[in-house]
Amino acid sequence: MAVDAGGAYLRIDHVSKSFGAFQALKDISLEINSGEFVCFLGPSGCGKTTLLRAIAGLDIQTTGRIFQGGRDISALPPAKRDFGIVFQSYALFPNLSVAENVAYGLVSTNRPKAEIDARVAELVALVGLGGQEPKYPSQLSGGQQQRVALARALAMSPGLLLLDEPLSALDARVRQHLRGELKDLQRKLKVTTIMVTHDQEEALAIADRIVVMNQGVIEQVGTPLEVYRHPKTAFVADFVGQMNFLPVERVAADRVRFGAIEFTTSGADPAARPGVQSMLCVRPEDIQIRNVAAGQGNTLKVKIDHMEFLGSFCRAELIVDGGRHLKADFSINAMRDLALQPGQDLTIALPVDRLRLFQAESHV
Amino acid sequence: MSDAALAPAGPLAADIRPSGNQPPRIRPQAGAEDWVMRGAIALLGVYFIITLVLPLYTLLIKSVEDKDKNFIGVANFARYFADPALTQSLINTFTVSIIGTVITIFLAFLYAYALTRTCMAMRGILRAVALVPLLAPSLLPGLALIYLFGNQGIFKGLLMGHEIYGPIGIIIGEVFFAFPHALIILVTALSVADQRLYEAADSLRASPTRVFMTVTLPGCRYGLISAAMVVFTLIFTDFGVPKVIGGSYNVLATDVYRQVIGQFNFQMGAVVGLLLLFPAVISFTVDRLVQRKQVALLSARAVPYRPSPRPKTDRFFLIVACLIAGFLLLILGMAFLGSIITFWPYKLVPTLKWYDFTRLGTDGWGPYFNSLRMAAMVALIGTAIVFTGAYLTEKSRGAKGLRSALHLIAMVPLAVPGIVLGLAYIFFFNAPGNPLGLIYNTMTILVVNTICHFYTVCHLTAVTALKQVDAEFEAVSASLKVPLFRTFWRVTVPVCLPAILDISVYLFVNAMTTVSAVIFLYASDTKLMSINAINTDDAGNTASACAMGMVIVVTSAVLKGLHSLLVRRLHKRTQAWRQR
């Protein structure tokens, strides 16, 4: 067992998976710590579910190794691994009651009936379904079904909890509510958890760390704040949150030119070499309109094209000289104070520390 | 965890990468369960080889051998085509099959259209009546036609001097026999229609004829082709109807029987058998290809078609449907009358004497109990094999190539006419030196043969049901460390119970009514009721043959009734978890 002394609970080591000529996973390496809540985030077809199924042993990787708790599980069938799983469809047994579903794995362990009953009651209470034991899955709402699936997955006290888009079949309100509960439950049980999702908002809200994937590779691993604030690639910048892209030319280490205007930037993609077409990124909420001084750097004259009222803030579509569009989020306060109207001319500032620069080709 | 499994871990992978070599492929370890599954799949493969592949192979070999088992190439085929009497049967078979198919499809289309696209009255009853022929052995319409149009027939005058014995009788009998098969396919094809296409056509002011030609007909064209193929194959290969009413008008199916049973000319029997097989295989292939397209026609977002009342049209189709249903009931009713009338048509006094099989010296009721015993065994064993087999091909892990090969083999029986399968069984199981020959002349061979004969439809039913079961049940039970067979028994079987019951009833009814395959395989102590009916008719006792046919119809109907009762009770009991 000395092979894996790194302390990570789950270690994925150069894992690749091919389906015929198609490479679904390309040399993935990743470590997940004990008790961590990790989200695999990416668009459909990015390989996140494939990686989850490889960890579960449902579709074993072509090459590369996976260690769980120091044990090499690379080639083991699912039954010999230690995990609980919740699928998008929940895969609840329709002909068994809630209690029977939750007890399904426990019954095979030959424990005394009283012990099983007690455990089932405990689990059902844990997911907040006390009193629903005799019901069948079809008599429950989607959210309740999801909880039953969760209780069933936790019944055997697995070392690893795998969640394959567990919330995506629910409507928005239930989804938001349940993700909070899911996070609380995970924190209480301290079970190492991997959740696959394509919903970046969900990943940001729930994960300790996010693994952003695209086309079979990991684009970035980091805390929600890191991923949001400091996207490593143009893909991550675009996929997580809202982002504006301005085509610019790099003229110096920290200077770019957009038309006739020059900007100072901070974080830059090393691939974006001087003289090469690059993409300057700024989030709509980082665009500054208050207190923009006349001689200040990084300013831009724009015209408001139209505004979209989104409740707590307003998203404005701005037109830069030359016809480029920029999205900017303005607080209701700012709107009122500056009396913003469509058609109005504005001077905006792009804060240096909020600008990111990526090579143009890498923008997906 | 053994050390051996750990050995090529981390360090090795890290060492290999820089040198540019391929990293080692992970070979998934198989658990004990995987081995049980693989064993079961292999067993299923062996089962198919013994019950289907080898018999058909033997048949093929037989057709290119002479009596002393020397290879003579296509000489048998050359001899066949040189014999004008034999080639005449080939022409005859095509003639009745084509005409029969055209009539059946025309009538079944009208009927299916009436059922699905109009608001005519009595749709429920009319649908049930149309399926009645499925309960009868195919010789029954032949017998009824003798009473209706035979030498003493009440409607003989309608034939204007033509004989019922021959093509006319065969075609009418086959239309009765094949009608429900075509209807089922066409009803399905006509049921899947998008309401919005019709609304669009209406809003563009298309005339009803134009709507029919541009929307309705193209929408069910695959169903029409599919139905035509199925009906053609049924008629082309049917034995019961031409045996009873064909007279001197020979067709391929009766030729096989005569060559083998009458003249012991096995080689020529094999040649004719293959001639029967080829069109069946071709139409089967066409059918499979177009059915795949039919499925894709209806998108998930389509709005299902709901007919709205059109009084004139509805009335017209009610009359048409009643006429067709009347024809079906007339045939069945005549067979029934024939069995309870003392002496048709001279002494129309009801009697039960034709049902007194013991007194008539026609093996008594023994064949009936043989039929019951065989049908029950086919239903029980067949359902178990089919469902387990479908589960293995659908749900197991690994051995992908083998599994899709098995799925393909399971399709083959549908393309093999019963008479060909029966012949293949004689050649294979009766061959000297075959250790499996000990089942020859036993009930076992009848059961094995009948399961094989009706395998495909059951397999497809099971696969369809299994596909609707959540694909992750097996993954969930593996993660919960629950053995797969427990989940199979505790979840998969209960969830698929309606399909399982459908399969067993289908097998039972077909085992009761089948004639074509088993006619080569029965022994004196395993004679079946359907075969007894043919022999009895051959011996000139048409009334008793009718009685036997009616006993089969009633038995099938009772079982169907029991089945629907059971389904209804099951539905009530499981309603709690089945409602969506």
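Residues numbered from 1 in each chain as written. Chains lettered and ligands numbered in written order. Predicted model: local features only at pLDDT ≥ 70, side-chain atom pairs only at ≥ 80, totals over all residues. Heavy atoms only, no water.

This part covers the overall build of chain A. A tally of regular secondary structure across chain A gives nine helices and 20 strands. Taking the principal axes of the C-alpha coordinates as reference, chain A spans close to 80 × 45 × 35 Å. When each of the 364 residues of chain A is scored for burial, the buried share is 53%. When the accessible surface of chain A is summed, it comes to about 15000 Å², and 50% of that surface belongs to carbon and sulfur atoms. When the 39 positive and 40 negative side-chain charges of chain A are each reduced to one mean point, those points stand 2 Å apart. (Helix = DSSP H or I, 4+ residues; strand = E, 2+ residues; numbered from the N terminus. Buried < 20%, exposed > 50% of the residue type's maximum accessible area, 1.4 Å probe, protein only. Areas by Shrake-Rupley, 256 points an atom, 1.4 Å probe, with all protein chains shown as cover. Lys, Arg positive; Asp, Glu negative; His and termini not counted. Charge placed at Lys NZ, Arg CZ, Asp CG, Glu CD.)

Take the overall build of chain B next. Within chain B, the regular secondary structure consists of 25 helices and two strands. Taking 2.2 N^0.38 as the reference for a compact globule, 580 residues should give roughly 25 Å; the C-alpha atoms of chain B span a radius of gyration of 27 Å, in line with that estimate. Seen through its principal axes, chain B has C-alpha atoms that stretch 95 × 75 × 50 Å. Relative to its full complement of 580 residues, chain B shows a buried share of 54%. For chain B, contacts bridging at least 24 residues in sequence account for 79% of all contacts bridging at least 6. Carbon and sulfur atoms form 67% of the exposed surface of chain B, whose accessible area is close to 26300 Å². (Rg over C-alpha atoms; globule rule 2.2 N^0.38 Å. Contact = heavy atoms within 4.5 Å.)

Residue and element names in this part refer to chain B. Considering every residue of chain B, the mean pLDDT works out to 86; 93% of them sit at 70 or more. Predicted confidence in chain B is weakest over helix 1 (residues 3-6), with a mean pLDDT of 38, and strongest over helix 19 (residues 443-453), with 95. Across residues 1-19, confidence stays below pLDDT 50; counting only partners more than four residues off in sequence or on other chains, it has 25 contacts. (pLDDT = per-residue confidence, 0-100.)

For Ser278(A), the position within the fold is in strand 15 (residues 277-282). For the pair Ser278(A) and Ala118(A), spaced 160 residues apart in the sequence, the C-alpha separation amounts to 62 Å.

Attention now moves to helix 17 (residues 400-411) of chain B. Residues and elements named next belong to chain B. Over its 12 residues, helix 17 extends 17 Å from the first C-alpha to the last, a length consistent with the 16 Å expected when each residue adds 1.5 Å. By the burial criterion, the buried members of helix 17 are Arg-403, Leu-406, Ala-410 and Met-411. Around the axis of helix 17, the buried residues are gathered within 150° of arc, so they sit on the same side. Those residues of helix 17 that are exposed and aimed more than 90 degrees away from the buried face are Gly-401 and Leu-408. (Expected span 1.5 Å × (residues − 1). Arc of directions from axis to C-beta.)

Right, let's talk about the interface of chain B and chain A for a bit. Contact with chain B, which involves 40 residues of that partner, is made by 46 residues of chain A. Between chain B and chain A the total buried area reaches about 3900 Å² when both faces are included, carbon and sulfur atoms providing 63% of it. Across the contact surface, chain B and chain A share two salt bridges. Between Arg53(A) and Glu472(B) there is a salt bridge; the shortest N-O distance is 3.2 Å. Taken together, the connections running from chain B to chain A amount to eight residue pairs in polar contact (both at pLDDT 80 or more). Among the secondary structure elements, those contributing two or more residues to the side of chain B that touches chain A are helix 1, helix 2 (10-16), helix 21 (473-479), helix 22 (484-495) and helix 25 (542-578) of chain B. Of the residues assigned to the side of chain B that touches chain A, the class counts are 22 nonpolar, seven polar and 11 charged. (Buried area = accessible area lost by both parts, 1.4 Å probe. Salt bridge = Lys/Arg side-chain N within 4 Å of Asp/Glu carboxyl O. Polar contact = N/O pair within 3.5 Å; in protein donor to acceptor, adjacent residues only side chain to side chain. Nonpolar A, V, L, I, M, F, W, Y, C, P; charged D, E, K, R; others polar.)

Per-residue pLDDT for chain A has a mean of 89; in total, 95% of the residues score no lower than 70. Within chain A, strand 14 (residues 267-268) of chain A has the poorest average pLDDT of any element, 62, and strand 3 (residues 37-41) of chain A the best, 97.

This paragraph deals with helix 23 (residues 497-513) of chain B. Compared with an ideal rise of 1.5 Å per residue, which puts 17 residues at 24 Å, helix 23 of chain B spans 24 Å between its outermost C-alpha atoms and is within 8% of the ideal. With 13 of 17 residues buried, helix 23 of chain B lies mostly within the body of the structure.

Another point: the sheet that holds strand 7 (residues 160-164) of chain A. Residue and element names in this part refer to chain A. Within the open sheet, the six strands sit side by side as 6-7-8-3-9-10. Their pairing is mixed. Only two strands of the sheet have a single partner each, and these edge strands are strand 6 (84-86) and strand 10 (217-222). Strand-to-strand twist of the sheet, defined as the mean angle between neighbouring strand axes without regard to direction, takes the value 15°. Alignment of strand 3 against strand 8 (residues 192-197), held across five bridges, turns out to be parallel. For Cys-39, the partnering residue across the bridge sits in strand 8 and is Met-195. (Pairing = 2+ DSSP bridges. Axes fitted to C-alpha atoms, helices over the stretch in contact; angles between N-to-C directions.)

Core analysis: the biggest nonpolar cluster contains 211 residues, and Phe40(A), Ile55(A), Tyr111(B) and Phe520(B) have the highest contact counts within it. Per-element accounting of this core gives the leading share, 14 residues, to helix 8 (residues 167-191) of chain B. Here this core spans two domains, and each of domain 1 (26-61 + 364-578) and domain 2 (84-294 + 306-351) of chain B adds at least three residues to it. Residues within four places of Ile55(A) in sequence aside, it is in contact with Leu10(A), Ile12(A), Phe40(A), Ile66(A), Ile73(A), Arg81(A), Leu160(A), Leu162(A) and Ile194(A). Core analysis: the second largest hydrophobic core is formed by 43 residues, Val191(A), Phe235(A), Val236(A) and Phe239(A) among them. (Core = buried A, V, L, I, M, F, W, Y, C linked by side-chain atoms within 4.5 Å. Domains from an automatic or database assignment.)

It is worth spelling out a positive patch on the surface at this point. Residues and elements named next belong to chain B. Among the surface-exposed residues, Arg-568, Arg-569, Lys-572 and Arg-573 lie close enough to one another that they form a single positively charged patch. Mapped onto the elements, Arg-569 comes out in helix 25. Among the residues examined, Arg-569 registers a relative accessible area of 66% and is labelled exposed. (Patch = residues over 30% accessible without salt bridge, like charges linked within 9 Å, V, L, I, M, F, W, Y side chains within 5 Å.)

Residue and element names in this part refer to chain A. Among the six residues of strand 4 (residues 63-68), six are classified as buried, and the element is accordingly described as predominantly covered. Alignment of strand 1 (residues 10-19) against strand 4, held across five bridges, turns out to be antiparallel. Among the inter-strand pairings, Arg-11 is bridged to a residue of strand 4, identified as Phe-67. One ladder, built from two bridges, connects strand 4 with strand 5 (residues 71-72); its direction is antiparallel. Within the sheet, the bridge partner assigned to Phe-67 lies in strand 5 and is Asp-72. As consecutive antiparallel partners, strand 4 and strand 5 are separated by two residues, and within that stretch Gly-69 has a phi angle of approximately 55°, a positive value.

Residues and elements named next belong to chain B. The grouping of Ile-49, Val-53, Leu-54 and Tyr-57 at the surface amounts to a nonpolar patch, some 330 Å² of accessible area in total. Along the polypeptide, Val-53 turns up in helix 3 (residues 32-63). Using a relative accessible area of 36% as the deciding quantity, one classes Val-53 as partly exposed.

So, on to the pairing of strand 2 (residues 347-350) of chain B. A regular strand places its side chains on the two faces of the sheet in alternate fashion. By the bridge criterion, two bridges tie strand 1 (residues 341-343) of chain B to strand 2 of chain B in an arrangement that is antiparallel. Directly across from Ile341(B), in strand 2 of chain B, lies its bridge partner Pro350(B).

This part is about the domain arrangement of chain B. All names here are of chain B. For chain B, the assigned domains read domain 1 (26-61 + 364-578) and domain 2 (84-294 + 306-351). Between the C-alpha centres of domain 1 and domain 2 there is a distance of 26 Å. Opposite the 36 residues of domain 1 that make contact, domain 2 presents 33 residues. Summing both sides of the interface, domain 1 and domain 2 together bury roughly 3000 Å²; the carbon and sulfur share of this comes to 82%. Together, Ile-419, Cys-546 and Met-550 form the three largest contributors to the area buried by domain 1 at its contact with domain 2, with a combined 17%. There are one salt bridge connecting domain 1 and domain 2. Taking the shortest distance from any N to any O, the salt bridge between Lys-243 and Asp-538 comes out at 3.0 Å. Summed over the shared surface of domain 1 and domain 2, the number is three residue pairs in polar contact (both at pLDDT 80 or more).

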